[in-house]
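# Geometric and topological summary
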Amino acid sequence: MTYAITQTCCSDAACVAVCPVNCIHPTPQERAFGSTEMLHIDPRACIDCGACADACPVDAIFPVDSLRPGLRPYAEMNAAWFEGAPEQEAPEQGTPQQEAPEPGTRDGGGRGPGAAPCEEGGAPSAAPAADPAPNFHLWRRPEFTRVLPADFAPLRIAVVGTGPAGMYAAQDLLLHTNAEITLIDRLPVAGGLLRHGVAPDHPATRRAGEAFARFHSHPRVRMYLGVQVGRDLSAQELAAHHDAVVYAVGASSDRPLGLPGEESPRVLPAARLVAWYNAHPDVAPDAVDLSGVRRVAVVGSGNVALDTARILACDPASLAATDIADHALAALRDADVREVVVLGRRGPEDAACTCGELLALTHLPGVDLVVDDHDPRIGAAIAAARPGSRAAVLRGLSRGSVAPGPPPSGRRRIVLRFHSAPTDLRPVGTQGGILVTGGTGAAGGRGPHALPADLVVRAVGYRGEPVEGLPFDAERGTVPHEGGRVAGMPGTYVVGWIKRGPSGGIGANRACAAETVGTLLTDAVGGMLPSPRGTVRAFDRLVRRRAGRVVDARGLRLIDRAERARGRADGRPRSRLATVEELVAAARGPWRPGR
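Computed from a predicted model, the values in this text were never measured in an experiment.

### Considerations on the sheet that holds strand β17 (residues 434-437)
With antiparallel pairing, the 3 strands of this open sheet are ordered in space as β16-β17-β18. At either margin of the open sheet sits one strand with a lone partner, and together these are β16 (421-424) and β18 (449-451). Geometrically, the sheet is characterised by an average inter-axis angle of 55° between neighbouring strands, direction not taken into account. Alignment of β17 against β18, held across 3 bridges, turns out to be antiparallel. Directly across from isoleucine 434, in β18, lies its bridge partner leucine 451.

Right under this line is the structure:
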């Protein structure tokens, strides 16, 4: 019996580190790492030890024999990756295409069962093709790229942002150095993307936050939640009290489409919708109005687009056991959304989502998944798709079309409509809707035609916002840097989406943080960090005087306890506090039922 990695893979690579036979690829040392959707286990080399499943922070690894029906395709996808190198994620613009190594060859840490271990500095020797012997890790000269000399004085480092990127950086520093960490977040609760970005019906992915939570109360960590750099204190004041500052503030705004009608109340940014159903304090409970909405058009084909389609189309009863925001659950119960049309500008072979998110749609209870076959290229691409590719997931699905009238009654459905892009978001016709290109109009001719829709969700990507006191690349939505080091600002660093742009999942931040921390420690050893002028006590007084409502690690534990207690009353894992006032009040505890 072998193991398989499934949908919730975060590419954290914790499993790679514990695998005794090096059967999980791509590893962080291989070129394909970061360009594949997920990691894969070679069934020919797996020895069924289960170490990877124990190490996985998001419970994505299971024995093949125990996979439930919805996850069984992942056994084939894991094996297919080693046989035919399925289609990869497209590289970021400006990045050269990296070819995946051929099966049976080594690239960095090794890949596939067709190579044997080699001596230090030597070339790998080919093993007989029929020999499925596992690949053992290569013994190389040890490298300590993220440590400081034993006699180095402890560094004081501030990390702004408590999402995955910031916490990976803090974890790296705490585990490899004697640094003292100051965690800062503008919200009175920690978590960032894990709390406010991951869909509530993906609890395993959210569980990655539990691994980070253990560092919140670390003896070398001080936590200041509810403190905003640029509002409560300046970037210069923060830097004056620390040897270095690492900004992990993410990308919080939507990328606009630049189309007429985009600012209409009936056009909703996906970031707002995601924040709304995740109880983000910045978004009011009444920020989303679903009254009278029966058909929704989602512009975009990435994971966020599929998340929003799934949440809007599924039976609200299936969300009642999650930690979705109370106000969102109530609104979805009162709504009557019958159809969600996902508009992809390109074909199914180029969809921006992962195979896992597509597979999740195929097993959504009470919801039909339909491929709109208005364009002959769609069926051709699905038929020619390689095993393990996104387009191959769509084989066997029902084909249909979006009717010009109201959505069909009966079962809910999600329609995937490729080769379609909106050209005008202003209401069209008596039934409303938007203009889209591609497909066949009512008169039988190709070109722009009306797609009836009561609500439009734009989900074409996120974008970073300027950080007070730091340079900013307005075109890319990032802070200019060199290996994480902010140009012209000694002691200032960036990590995560504000560093590299909104690409990569949770685990991608681990390698990103390792690079930034490595740069920071190199600068420290080289004497390039400015010495802090203020003391720890002086910084504490400054923050508490300026911010007023600061939440520390104890307060965060009280928030967690309060939300779990509220959830238990309704048979849910937790009931989220949705406003700053509620969060701060809970942090001041002690919380009691009914309070």
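### Remarks on the pattern of salt bridges
For side chains of opposite charge, pairing can occur when their charged atoms come near one another. Within this structure, the stated rule accounts for 33 salt bridges. Among the ionic pairs, aspartate 323 bridges to arginine 206, the shortest N-O distance being 3.6 Å. Taken together, the positions of aspartate 323 in the loop between α10 (303-313) and α11 (326-334) and arginine 206 in helix α6 (residues 203-206) put the pair 117 residues apart, joining distant regions of the chain. For arginine 377, the salt bridge identified is with aspartate 375, shortest N-O distance 2.9 Å. Classification of arginine 377 as partly exposed rests on a relative accessible area of 48%. On the accessibility criterion, aspartate 375 (5% relative accessible area) is buried. It is possible to trace a salt-bridge network through shared partners that takes in Arg195, Asp560, Glu563, Arg564 and Arg574.

### Focus on the packing of aromatic side chains
On inspection of all chains with the given rule, the structure shows 4 aromatic pairs. Relative to phenylalanine 212, the ring of tyrosine 168 lies with its centre 4.9 Å away and its plane at 85°, an arrangement referred to as edge-to-face. A residue pair is termed long-range when its members are at least 10 positions apart, and tyrosine 168 in helix α4 (residues 164-176) and phenylalanine 212 in helix α7 (residues 208-213) qualify at 44 residues.

### Here we look at the state of the cysteines
Applying the stated rule across the entire model yields 0 disulfides. There is no disulfide at cysteine 15, and the cysteine sulfur nearest it, in cysteine 52, is 6.5 Å away. Overall, cysteine 15 belongs to the buried group, its relative accessible area being 8%. Sulfur of cysteine 46: no disulfide; nearest cysteine sulfur belongs to cysteine 23 and is 4.8 Å away. Exposure remark for cysteine 46: the relative accessible area of 16% places this residue in the buried category.

### Section: helix α9 (residues 270-277)
Within α9, 7 of the 8 residues are buried, leaving the element largely enclosed by the surrounding structure. Within α9, burial applies to Ala270, Ala271, Leu273, Val274, Ala275, Trp276 and Tyr277. Backbone geometry just downstream of α9 places alanine 279 in the positive-phi region, at approximately 60°.

### A look at the pairing of strand β15 (residues 412-417)
Within β15, 6 of the 6 residues are buried, leaving the element largely enclosed by the surrounding structure. Residue alternation in β15 divides its side chains into two sets, Arg412, Ile414 and Leu416 and Arg413, Val415 and Arg417, and both sets are buried. Two strands pair when backbone bridges link them, and strand β12 (residues 339-343) and β15 are joined in this way by 5 bridges, in the parallel orientation. Looking across to β15, one finds that valine 340 is bridged to isoleucine 414.

### Considering the packing of α4 against helix α16 (residues 508-525)
Running from N to C, α4 and α16 cross one another at 50°; their axes reach a closest spacing of 8 Å. Comparing their axes, α16 and α4 come out oblique. Here α4 and α16 pass one another in a crossing that is right-handed. Within the contact between the two elements, α4 uses Pro164, Ala165, Tyr168, Ala169, Asp172 and Leu173 and α16 uses Asn509, Arg510, Ala513, Ala514, Val517 and Leu521.

### Quick notes on the side chain of threonine 308
Relative to the helices and strands, threonine 308 is located in helix α10. With relative accessibility at 0%, the residue threonine 308 sits in the buried group. Those residues in contact with threonine 308 that lie beyond four places of it in its chain are Ala270, Leu273, Val274, Tyr277, Val298 and Val457.

### Quick notes on the nonpolar core
Membership of the largest hydrophobic core comes to 131 residues, with the highest contact counts inside it found for Ile24, Ile181 and Ile414. With near-sequence residues (within four places) excluded, isoleucine 414 lies in contact with Ala309, Arg310, Ala313, Val340, Val342, Leu361, Leu364, Val367, Asp368, Leu369 and Val370. If you look at the next biggest cluster of nonpolar residues, it comprises 20 residues, including Ala158, Val229, Val479 and Phe539.

The rules we used
- Residues numbered from 1 in each chain as written.
- Predicted model: local features only at pLDDT ≥ 70, side-chain atom pairs only at ≥ 80, totals over all residues.
- Heavy atoms only, no water.
- Pairing = 2+ DSSP bridges.
- Helix = DSSP H or I, 4+ residues; strand = E, 2+ residues; numbered from the N terminus.
- Axes fitted to C-alpha atoms, helices over the stretch in contact; angles between N-to-C directions.
- Salt bridge = Lys/Arg side-chain N within 4 Å of Asp/Glu carboxyl O.
- Buried < 20%, exposed > 50% of the residue type's maximum accessible area, 1.4 Å probe, protein only.
- Phe/Tyr/Trp six-rings, centres within 6.5 Å; stacked < 30°, edge-to-face > 60°.
- Disulfide = S-S within 2.5 Å.
- Parallel < 35°, antiparallel > 145°, perpendicular 65-115°, else oblique.
- Left-handed = near helix turned anticlockwise from the far one by under 90°.
- Contact = heavy atoms within 4.5 Å.
- Core = buried A, V, L, I, M, F, W, Y, C linked by side-chain atoms within 4.5 Å.

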